[in-house]
Amino acid sequence: MNVAANRNAKDNMQSFDQLVQLFEERFIKSLPFPAQPHSLYEPCEYLLKLGGKRIRPVLCLMGNELFGEINEDAWHAAAAVELFHNFTLIHDDIMDKAPLRRGHPTLHAKYGLTAGILCGDIMSIYAYDHLANIKHHLPQVLQLFNKTGIEVCEGQQWDMDFESRNDVRIDEYMHMITLKTSVLLACSLKMGALLGGATEGNANKLYAFGKNLGIAFQLQDDYLDAYGETEKLGKQNGGDIKANKKTYLFLKALENANEKQKKEIEALLHKDDENKVTEMLALFSATGADLACREAVNTYSQMSFDSLEDVAVTSVRKKQLHDLASYLLMRDK
């Protein structure tokens, strides 16, 4: 009886929402910033206290809990991931000249460009300060973290380069979203797993799960921006179309289009009226880009779930990760 009870308790994994709450409380309370200089640290706290989904750090904790109780090393790794992620957001917002983040003024819009640059810098350093507290498997974790950081920067540069290019290929776009979005999800899961004592094989399977989940999520996001229901998304459809973004839908439409359709697509890039979105959506459908995008979402989703299935722990322990992935990928189409 006692053995069975203990086994059930161990298999009673915490939900994503529960871990978000635990991480939020611990993360905000343990922010390491000193009082001075106030002009440096107050903007950092402003951004971090705006919240966010905390998906990346919680994936680190969930990857850790697959193999036992969440340990102190995993909490440090999760905090490092969140600080690094917010550092990239600050600098991305500067590059994009974005006025809002999470419904509030971006850090550089509120405090100035200098504050934005320095706050991003200091957050990246404090991320490494958290990693320095890790007691086990630090060389593996540090190497993975550094590799991922380099890839995220490369992905951002590719994204910026694509804005001025008219010859972007789908394979280049897929590479870009993998680096910019997916590898940090994958890294978070793998770090947590390694710190929980997972084998390299299991850790790599979780990495593949996170990477393919991130790709599927981004492709789904492309699709929803064009075809999602406005009320449920909380924003108008076609924002990517209006901004002439080279999404999977756009690139697939160009790839599949005949000469007449290609000219129509190119003409719409120079158009800015109320019919632009409707006309581009019609071309997405006519070229089969919409179906291709949904098929790609399904393909990468299945690859993600297959990798999770292959992780050598009991299914009940993987249920929370499976449910989270299902939630992220089954938003309203």
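Residues numbered from 1 in each chain as written. Predicted model: local features only at pLDDT ≥ 70, side-chain atom pairs only at ≥ 80, totals over all residues. Heavy atoms only, no water.

1. Observations regarding the nonpolar core
Stated formally: We define a nonpolar core as any set of buried Ala, Val, Leu, Ile, Met, Phe, Trp, Tyr and Cys residues linked to one another through side-chain atoms lying within 4.5 Å. Classification of residues uses two cut-offs on accessible area relative to the type maximum, computed with a 1.4 Å probe and protein chains only: under 20% is buried, over 50% is exposed, and between them is partly exposed. Numbering of helices and strands starts at the N terminus; helices are DSSP runs of H or I of at least 4 residues and strands are runs of E of at least 2. Here a residue-residue contact requires only that any non-hydrogen atoms of the pair lie within 4.5 Å.
Formed by 73 residues in total, the largest nonpolar core has its most connected members in Phe33, Met123, Leu206 and Leu321. A per-element tally of this core places helix α5 (residues 72-96) first, with 12 residues. Excluding anything up to four places from it in sequence, Leu206 contacts Gly63, Leu66, Phe67, Leu189, Ala193, Leu308, Val311 and Leu321. Counting 30 residues, the second largest nonpolar core, distinct from the first, contains Ile177, Leu219, Leu268 and Cys293.

2. Examining unusual backbone geometry
Here the amide bond leading from Gln36 into Pro37 is cis, since omega sits at 0°, within 30 degrees of zero. In this structure, Pro37 sits in the loop between α2 (16-29) and α3 (38-48). In the Ramachandran plot, Lys97 falls in the positive-phi region, its phi being about 55° despite a non-glycine side chain. Relative to the assigned elements, Lys97 resides in the loop between α5 and β1 (100-101). Its identity as a non-glycine residue notwithstanding, Asn244 has a phi of 55°, on the positive side.

3. Quick word on the confidence of the model for the protein
Let me state the cut-off plainly: Confidence of the predictor at the level of single residues is given by pLDDT, which spans 0 to 100.
Taken as a whole, the protein shows an average pLDDT of 92; of its residues, 93% reach a score of 70 or greater. Throughout residues 1-9 the model reports pLDDT below 50, and contacts reaching past four residues in sequence, or to other chains, amount to zero contacts.

4. Examining the environment of Thr88
The condition is simple: Polar contacts, as counted here, are pairs of nitrogen or oxygen atoms within 3.5 Å of one another; within protein the pair requires one atom able to donate a hydrogen and one able to accept it, and residues that are adjacent in sequence qualify only if both atoms are side-chain atoms.
Structurally, Thr88 is set in helix α5. Note on Thr88: relative accessible area 11%, which makes it buried. Between the C-alpha atoms of Thr88 and Met123, which are 35 residues apart in sequence, the distance is 9.3 Å. There is a polar contact of 2.6 Å between the side chain of Thr88 and the backbone oxygen of His85.

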